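Summary of the model geometry
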Amino acid sequence: MTKATHPFAALMEITARPPTVFVRGEGSFLWDDSGKRYLDFIQGWAVNCLGHSPPVVAEALAAQAKRLITPSPAYYNDASLKLAKALVDQSCFDQVFFANSGAEANEGAIKLARRYGALHRNGAYEIITFEGGFHGRTLATMSASGKKAFEPLFEPKVSGFPKARLNDLASVQGLINDKTIAVMLEPIQGEAGVWLATDQFLRDLRELTRAQGLLLIVDEIQTGIGRTGKLFHYEHADVAPDIMTLGKGIGGGVPLAALLATEAASCFQHGDQGGTFNGNPLMCAAGLAVLREVAAPDFLKSVADTGLYLESELQRLSARHGLGEVRGRGLLLALDLKVPTAASIVAQAFDDGVLLNAPRPDALRFMPALNVTRQEIALMIDCLDAVLTRIGAARRVA
Ligand SMILES: Cc1ncc(COP(=O)(O)O)c(C=O)c1O
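Residues numbered from 1 in each chain as written. Predicted model: local features only at pLDDT ≥ 70, side-chain atom pairs only at ≥ 80, totals over all residues. Heavy atoms only, no water.

The next point concerns the nonpolar core. Counting residues in hydrophobic clusters, the biggest one holds 78 residues, and the most contacted among them are Leu87, Leu185, Phe366, Met380 and Leu384. The residues touching Met380, leaving out its near neighbours within four places in the chain, are Leu39, Phe41, Leu310, Val354, Leu356 and Phe366. (Core = buried A, V, L, I, M, F, W, Y, C linked by side-chain atoms within 4.5 Å. Buried < 20%, exposed > 50% of the residue type's maximum accessible area, 1.4 Å probe, protein only. Contact = heavy atoms within 4.5 Å.)

Here is the structure:
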């Protein structure tokens, strides 16, 4: 029925998708066009930090749309000034450039570091990134990523991104030379399967980069805006990076991203950076509404508490079904399955009305709305428990 009502052929085929069409969302739930309800533990890939269609974002968008959608990036607008000020006030950074996607914010970070190298380090341009890292799908951010599947694609690559190993300081030290300008990493490698850079590693990197006159860039596109129980993940390690990128959660579901830098690192010159939609007031109004909710101290504490609850429920499930570790922080967690059953679990949970993500064949990733309730977590756990029981029974028979 769905296929007849919504022919799919007019869209480019960029990935395998179930033939289901979503038409409505509210909080932790989505509905398809047949009226079936799904409990969503993907939330647009950690995007809808306040759940689907949160009233505060919908109202901010409606009010701003009636007032001013965009005056052109050649002029200031009040919403982008307010959001930039709010981000600066709540972080260790001094200036912001708004973008439309995480990849675009990271492109900006790469350009900013190269500009810094041109100004202060004899044209140094190499940015040390990490095996397994993910920074986006533009040509430069694919090169910056350490994703194996990207390696054979779209030659020739943008050069200048040597790869170190996460939590291995010597591997970073070994790559530093007179062309190096920065080290760039995700504090938690999300797409690779939720691998945490330890707080000590972040502190060591800060010390090393400072001693060498290099920039430290954190890609907080997935970990920022409260996802791990702090507004920004770098706060856990008590370090102050030079550059940070934000995306996903900052718009609460709409395309908004940001590049933040300290005064010393904020060195773009006229003509270096820009874009038609950058800092448009419509998206910035959404960002302001999100930030007001997420930055409230009670909200962040509840993310941390709910994250611990989800973690303990997943650990219980893991013990019951003989699975592996639960890793991550706050509401960005992974369950190690020890065997490559993730795709089958995701498909069965989908049929049972629960949306789960498998970043690798042997792991599930959980990135619910930051205001997900314990009842919703219990519903998801019950579904996963039933799917794991079915899969376990099928494996015993086979
Ligand atoms: C850590 C990280 N950086 C960058 C990106 C790219 O963001 P976008 O898809 O908005 O371009 C992602 C997206 O998953 C991400 O997780």
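A word on the pattern of salt bridges. Tallying each qualifying case throughout the model produces 17 salt bridges. The closest approach of N and O atoms between Glu26 and Arg24, which form a salt bridge, is 3.4 Å. Among the ionic pairs, Arg390 bridges to Asp352, the shortest N-O distance being 2.9 Å. Taken together, the residues span a long stretch of sequence, with Arg390 in helix α13 (residues 374-397) and Asp352 in the loop between α12 (342-351) and β15 (354-355) at a distance of 38 residues. Residue classification places Asp352 among the partly exposed positions, given a relative accessible area of 40%. Put simply, Glu325, Arg327 and Asp336 are held in one network by salt bridges that share partners. (Salt bridge = Lys/Arg side-chain N within 4 Å of Asp/Glu carboxyl O. Helix = DSSP H or I, 4+ residues; strand = E, 2+ residues; numbered from the N terminus.)

So, on to the site of the ligand. Neighbouring the ligand are 13 residues; Gly102, Ala103, Asp219, Gln222 and Lys248 lie closest to it. Here an oxygen atom of the ligand sits 2.9 Å away from a polar atom, N or O, in the side chain of Gln222. Between the ligand and Lys248 there is a distance of 2.9 Å, counted from an oxygen atom to a side-chain nitrogen or oxygen. In a pocket analysis with a 2 Å cut-off to the grid points, the ligand is assigned to the largest pocket. When residues in the shell around the ligand are grouped by element, the largest group, three residues, is from helix α5 (residues 102-120). In terms of residue class, the shell around the ligand is built from three nonpolar, six polar and four charged. (Near = heavy atom within 4 Å. Polar contact = N/O pair within 3.5 Å; in protein donor to acceptor, adjacent residues only side chain to side chain. 1 Å grid on protein atoms, 1.4 Å probe; cavity = no way out; pocket = protein on both sides within 12 Å on 5 of 7 lines; lining within 4 Å. Sits in = over half its atoms within 2 Å of the grid points. Nonpolar A, V, L, I, M, F, W, Y, C, P; charged D, E, K, R; others polar.)

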